[in-house]
Amino acid sequence: MERNNFLNKVYGYKAIKDELYEVRSWYLNKELLSDNEKKEYLPKGILFYGDPGYGKTLLLREFAKSFDYKVFIIEGDSENLDEVLLATYKKARLEKNAIVVIDELDRLVAKDTKLERVLQMELDGFNKEGNVLTLASANDIDNLPYSLLREGRFDRKFNIRITDKNELKEIISKFLEIRDFKLDDYEIEELTLNLRHEPISLIRTIFNNVYFRYGKNATLENFINEYTFLDSGCIKNNDNFKVDDFVAIHEAGHALYLYKLTRKLDVLRVICNEDGGRTYNANFDSIDDLETRLDNVEVSLAGIVAEELFFNYHSVGADEDLERAYKVSFKLVNRTMINGLNYFSLRDNSYSLDETSEFENKLFAIKTNKFIKKKYRFVKRRLKKYKNEIFLLARYIKENNGITRKEIVKLLG
């Protein structure tokens, strides 16, 4: 089996699949298996662990199937699990090559304390007959004894979870492809943003439900509504909700700046509801480099600046943006000041407010406030040229309780 086609029913988890491919190649190497000395160093057990819903069982099952070995499964509802385990390994070792699968190992060990000792013995390989690889899953690795987790027993331990936006985006794109849904890149980006903290099982359910409700012509709104329904049991009705003028102008300022004037960031969508307004950045996990930090400061100030350009004063909602701008500016400023203060007790050149002395904080605060005022004037000069565009966006946001990037492109070109 080629690496590109390996575990192709499992979406994402490229690094884990690459490592599993290597382990599989060792177990299928007849020359290696015939060398008893080298065979001793093969991984004896592989553990997949993590929160439910992220695909542990699917990954384990597909990996076991990829060997074309006989597979033996330990049933969790059996009585006398230690005896069942011994009998299962005895059968497995009668085969030339075999795989033993144990699902929810943490629950089984808690259920039968004898199981730990028996499994240790089998993983240590006192019985040299046959070639047996043990695959197990667990929801909570902290509930497993170290005696099973140490090297020589479960040699490989994989935390099955999605931490990378691009990996989640790949999974979502695959689900879209299977059902032939038509969403553009920015809509996929927004869907990824909405679902970034959810398990794969919930995402799959959302896609299945959307397919049955709306067919392959489903829109982004259909996906978001289905997610809202599954998450809360109801869909918010905003028919009677009207966007405040301040909110519309404020969010239009953010959106315009993201769309036209940033170095690395881009606008994704503006959403307004009873809780206020929110402008989403398309690059929500962008690298925290100098240009991105500068973008974040300017975008944070853009909503406040837009309010001043149209109303000559700021709303209460500006506080959150100012706080965000201050935190990012503080990091930018103290990186440039720190060498002059000879402050070398911390591990890097970026400090938080509670890591510096009162004297240093005062210096940083003065510099940070100057920096923000300078950036405020800079943003104001730039946004003055786009007052008409901000007004168009604000009017659309007010009439539609928000705006998508696609609609911004259509409106502004």
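**Here we look at the overall build of the chain**
Link 1 in the chain: The helix and strand tally for the chain stands at 18 helices and eight strands.
Link 2 in the chain: Across the 413 residues of the chain, 46% fall into the buried class.
Link 3 in the chain: Within the chain, residue pairs in contact and separated by at least 24 positions form 73% of the contacts whose partners lie at least 6 positions apart.
Link 4 in the chain: Of the roughly 22,700 Å² of accessible surface on the chain, 48% is carried by carbon and sulfur atoms.

**Looking at the environment of A110**
Link 1 in the chain: For A110, the position within the fold is in helix α6 (residues 105-111).
Link 2 in the chain: You can call A110 exposed: its relative accessible area is 65%.
Link 3 in the chain: Residues A110 and N143 lie 33 residues apart in sequence; the distance between their C-alpha atoms is 7.9 Å.

**Things to note about the packing of helix α13 (residues 245-260) against helix α18 (residues 405-412)**
Link 1 in the chain: The interhelical angle for the contact between α13 and α18, taken along N-to-C directions, is 80°, at an axis separation of 12 Å. On the basis of their axis angle, the class for α13 and α18 is roughly perpendicular. Two secondary-structure elements touch here, α13 through A255, L256 and Y259 and α18 through R405, I408, V409 and L412.
Link 2 in the chain: Within the contact of α13 with α18, the residues separate by chemical class into six nonpolar, no polar and one charged.

**Concerning the nonpolar core**
Link 1 in the chain: Counting 48 residues, the largest nonpolar core has L20, I46, F48, F63, I172, F207 and F223 as its most contacted members.
Link 2 in the chain: The next biggest cluster of nonpolar side chains, apart from the first, holds 41 residues, and it includes A255, V270, I304 and L309.

**Considerations on the packing of aromatic side chains**
Link 1 in the chain: On inspection of all chains with the given rule, the structure shows 14 aromatic pairs.
Link 2 in the chain: Each ring, one from Y27 and one from F67, has its centre 6.4 Å from the other, and the planes form 80°; the classification is edge-to-face. Residue Y27 is found in helix α1 (residues 14-27), and its partner F67 is found in the loop between α4 (56-65) and β2 (70-74); the two are separated by 40 residues along the sequence. Neither residue differs from the other here; Y27 and F67 are each classed as buried.
Link 3 in the chain: Plain terms: the ring middles of F181 and F223 are 5.1 Å apart, the flat faces sit at 85° to each other, and that makes the pair edge-to-face. Within this pair, whereas F181 is found in the loop between α9 (165-179) and α10 (185-194), its partner F223 is found in helix α12 (residues 220-232), the two being separated by 42 residues in sequence. Grouping residues by exposure puts F181 and F223 together as buried.
Link 4 in the chain: Sitting over the face of the ring of F378, K375 holds its NZ or CZ atom 4.6 Å from the ring centroid.

What counts, and where the lines are drawn
Residues numbered from 1 in each chain as written. Predicted model: local features only at pLDDT ≥ 70, side-chain atom pairs only at ≥ 80, totals over all residues. Heavy atoms only, no water. Helix = DSSP H or I, 4+ residues; strand = E, 2+ residues; numbered from the N terminus. Buried < 20%, exposed > 50% of the residue type's maximum accessible area, 1.4 Å probe, protein only. Contact = heavy atoms within 4.5 Å. Areas by Shrake-Rupley, 256 points an atom, 1.4 Å probe, with all protein chains shown as cover. Axes fitted to C-alpha atoms, helices over the stretch in contact; angles between N-to-C directions. Parallel < 35°, antiparallel > 145°, perpendicular 65-115°, else oblique. Nonpolar A, V, L, I, M, F, W, Y, C, P; charged D, E, K, R; others polar. Core = buried A, V, L, I, M, F, W, Y, C linked by side-chain atoms within 4.5 Å. Phe/Tyr/Trp six-rings, centres within 6.5 Å; stacked < 30°, edge-to-face > 60°. Lys NZ or Arg CZ within 6 Å of the ring centre and 35° of its normal.

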